[in-house]
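The lines below spell out each chain.
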Amino acid sequence: MKVIHTISELQKEISSLKSEGKTIGLVPTMGALHQGHISLVRRCVDENDVCVVSIFVNPTQFNDKNDFLHYPHTFKDDRELLNENGCSIIFAPSEQEMYPQPDTRVFDFGLLDKVMEGKFRPGHFNGVAQIVSKLFDAVTPDKAYFGTKDFQQSVVIKAMVKQLNYPVKIIECPIVREPDGLAMSSRNMRLTFNQRQIAVKISQALNKSRNFAAEKPISEIIDRVTNEINSEPMLKVEYFDIVDGNTLMPVTDWNDSDYIVGCIAVFCGEVRLIDNIVYKESVI
Ligand code: PAF
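Residues numbered from 1 in each chain as written. Predicted model: local features only at pLDDT ≥ 70, side-chain atom pairs only at ≥ 80, totals over all residues. Heavy atoms only, no water.

**Looking at the overall build of the chain**
Part 1 of the reasoning: Helix and strand content of the chain: 10 helices and 9 strands.
Part 2 of the reasoning: Relative to the compact-globule value of 19 Å for 284 residues, the chain shows a C-alpha radius of gyration of 19 Å, a close match.
Part 3 of the reasoning: Its C-alpha atoms put the chain at 55 × 40 × 35 Å along the principal axes.
Part 4 of the reasoning: Within the chain, buried positions represent 53% of all 284 residues.
Part 5 of the reasoning: Counting contacts in the chain only where the partners sit at least 6 residues apart, residues at least 24 apart contribute 72% of the total.
Part 6 of the reasoning: Carbon and sulfur atoms provide 51% of the accessible area of the chain, an area that totals close to 13,500 Å².
Part 7 of the reasoning: Between the averaged position of the 31 positive side-chain charges in the chain and that of its 38 negative side-chain charges there is a distance of 1 Å. (Helix = DSSP H or I, 4+ residues; strand = E, 2+ residues; numbered from the N terminus. Rg over C-alpha atoms; globule rule 2.2 N^0.38 Å. Buried < 20%, exposed > 50% of the residue type's maximum accessible area, 1.4 Å probe, protein only. Contact = heavy atoms within 4.5 Å. Areas by Shrake-Rupley, 256 points an atom, 1.4 Å probe, with all protein chains shown as cover. Lys, Arg positive; Asp, Glu negative; His and termini not counted. Charge placed at Lys NZ, Arg CZ, Asp CG, Glu CD.)

Here it is as structure tokens:
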């Protein structure tokens, strides 16, 4: 496994691999890797000749400076995990390398980046699109792997790929959960012991709602899930929206779409956690 810090060295390596006919897969990450990331890496290793994992805590996607400052950095552990799981190249650039000049590009994703996360984290998805497009330019992958815990992010990235005509296949991978159901996240590391015990209520409430979703109006599901989670004093729901999985527009009736997803953000103390549940599966 190689560790590369500059775009020029990466490009040299990639073009030599491509000249040998090798296919390239990319797993973009911000480090602090957990088994959710590793599931993406394993799939990338299985489906490509070369698996590149980028580790870069991207400043332009943090609308909250505090969140950026507290983002965990665990490079030594990450490197070991990646080595054990078949990664061929770690691309770990500096901020100066990725942003030699401020990136002033403003993407237009219509409403996709205005709702849910976009409403509470203005500019977040523009920053994600900036860095992911730079990574696609640097790595020129055949396939790129994203976890669906960040459901809205996947939708926005698919829109970006379409807009910019990237010849990259986006592979969306299922959420990986802790044994008790909590969605794996680098942010879970910041939970205290007590917060960690309580955080599981988020996935429990979502799962429970699936059992009675079809018989109840959508507005009732939203109220029930929100109230159940908020009844825990340590938890505070920021939003819980039930949306069309393609357009991300809220649905008000189960017959409004054949692909319906509930997306939630919850503060557990200072730590903001997101999760989602598919109520109705896409037929595509
Ligand atoms: O999902 C993430 O970890 C980040 O948003 C990504 C895609 C690596 C871009 O910085």
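**Quick look at the sheet that holds strand 3 (residues 50–55)**
Part 1 of the reasoning: With parallel pairing, the 6 strands of this open sheet are ordered in space as 1-4-3-2-5-6. Either end of the sheet is taken by a strand with one partner, and the two such strands are strand 1 (2–4) and strand 6 (169–173). Between one strand axis and the next, the sheet turns through 25° on average, direction left out of account.
Part 2 of the reasoning: Pairing of strand 3 with strand 4 (residues 89–91), which is carried by 3 bridges, proceeds in the parallel orientation. Opposite Val-53, over in strand 4, you have Ile-90 as the bridge partner.
Part 3 of the reasoning: Packing of helix 2 (residues 35–47) onto the sheet brings it into contact with strand 2 (24–29), strand 3, strand 5 (143–147) and strand 6, and relative to strand 5 it is tilted by some 160°. (Pairing = 2+ DSSP bridges. Axes fitted to C-alpha atoms, helices over the stretch in contact; angles between N-to-C directions.)

**Concerning unusual backbone geometry**
Part 1 of the reasoning: Even without being glycine, Asn-165 reaches a positive phi, approximately 55°.
Part 2 of the reasoning: In this fold, Asn-165 is placed in the loop between helix 8 (151–163) and strand 6.
Part 3 of the reasoning: The residue Leu-248 is not glycine, and still its phi comes out positive at about 65°.
Part 4 of the reasoning: Here Leu-248 is to be found in the loop between strand 7 (235–244) and strand 8 (260–268).

**Quick notes on the side chain of Asn-58**
Part 1 of the reasoning: When you line up the elements, Asn-58 lands in the loop between strand 3 and helix 3 (65–70).
Part 2 of the reasoning: The class of Asn-58 is buried, set by a relative accessible area of 0%.
Part 3 of the reasoning: Dropping the residues within four chain positions of it, Asn-58 is found in contact with Met-30, Phe-68, Tyr-99, Gly-127, Val-128 and Ile-131.

**Re the site of the ligand**
Part 1 of the reasoning: Every residue near the ligand is listed here: Pro-28, Thr-29, Met-30, Asn-58, Gln-61, Ile-131, Phe-146, Asp-150 and Gln-153.
Part 2 of the reasoning: Gln-61 is positioned such that a nitrogen or oxygen atom in its side chain is 2.6 Å from an oxygen atom of the ligand.
Part 3 of the reasoning: Residue Gln-153 places a side-chain N or O atom 2.7 Å away from an oxygen atom belonging to the ligand.
Part 4 of the reasoning: In the complex, the protein chains occlude 89% of the 290 Å² of accessible area that the ligand would expose alone. (Near = heavy atom within 4 Å. Polar contact = N/O pair within 3.5 Å; in protein donor to acceptor, adjacent residues only side chain to side chain.)

**Quick word on the nonpolar core**
Soluble, globular proteins show a tendency: their nonpolar side chains are buried together.
Part 1 of the reasoning: With 47 residues, the main nonpolar core has Val-52, Phe-136 and Met-160 as its most contacted residues.
Part 2 of the reasoning: No other element matches the 9 residues that helix 7 (residues 124–139) contributes to this core.
Part 3 of the reasoning: With near-sequence residues (within four places) excluded, Met-160 lies in contact with Phe-107, Phe-109, Ala-129, Val-132, Ser-133, Phe-136 and Tyr-166.
Part 4 of the reasoning: With 27 residues, the next largest nonpolar core counts Ala-205, Phe-212, Ile-221 and Cys-268 among its residues. (Core = buried A, V, L, I, M, F, W, Y, C linked by side-chain atoms within 4.5 Å.)

**Focus on the packing of aromatic side chains**
Part 1 of the reasoning: Scanning the model with the defined rule gives 8 aromatic pairs in all.
Part 2 of the reasoning: Relative to Tyr-279, the ring of Trp-254 has its centre 5.3 Å away and its plane inclined at 65°; by these criteria the two rings are edge-to-face. Highlighted residues: Trp-254 in the loop between strand 7 and strand 8 and Tyr-279 in strand 9 (residues 271–280), separated in sequence by 25 residues.
Part 3 of the reasoning: The class for Trp-254 is buried, based on a relative accessible area of 15%.
Part 4 of the reasoning: For Tyr-279, a relative accessible area of 15% puts it in the buried group.
Part 5 of the reasoning: Joined through ring pairs, the aromatic side chains of Phe-62, Phe-68 and Tyr-71 make up one cluster.
Part 6 of the reasoning: Sitting over the ring of Phe-212, Arg-224 keeps its end group 4.3 Å from the ring centre. (Phe/Tyr/Trp six-rings, centres within 6.5 Å; stacked < 30°, edge-to-face > 60°. Lys NZ or Arg CZ within 6 Å of the ring centre and 35° of its normal.)

**Quick notes on helix 7**
Part 1 of the reasoning: With 16 residues, helix 7 extends 22 Å between its outermost C-alpha atoms, agreeing within 8% with the 22 Å of an ideal straight helix rising 1.5 Å per residue.
Part 2 of the reasoning: A large share of helix 7 lies buried, amounting to 14 of its 16 residues.
Part 3 of the reasoning: Directly after helix 7, the chain includes Thr-140, whose backbone phi takes a positive value near 45°. (Expected span 1.5 Å × (residues − 1).)

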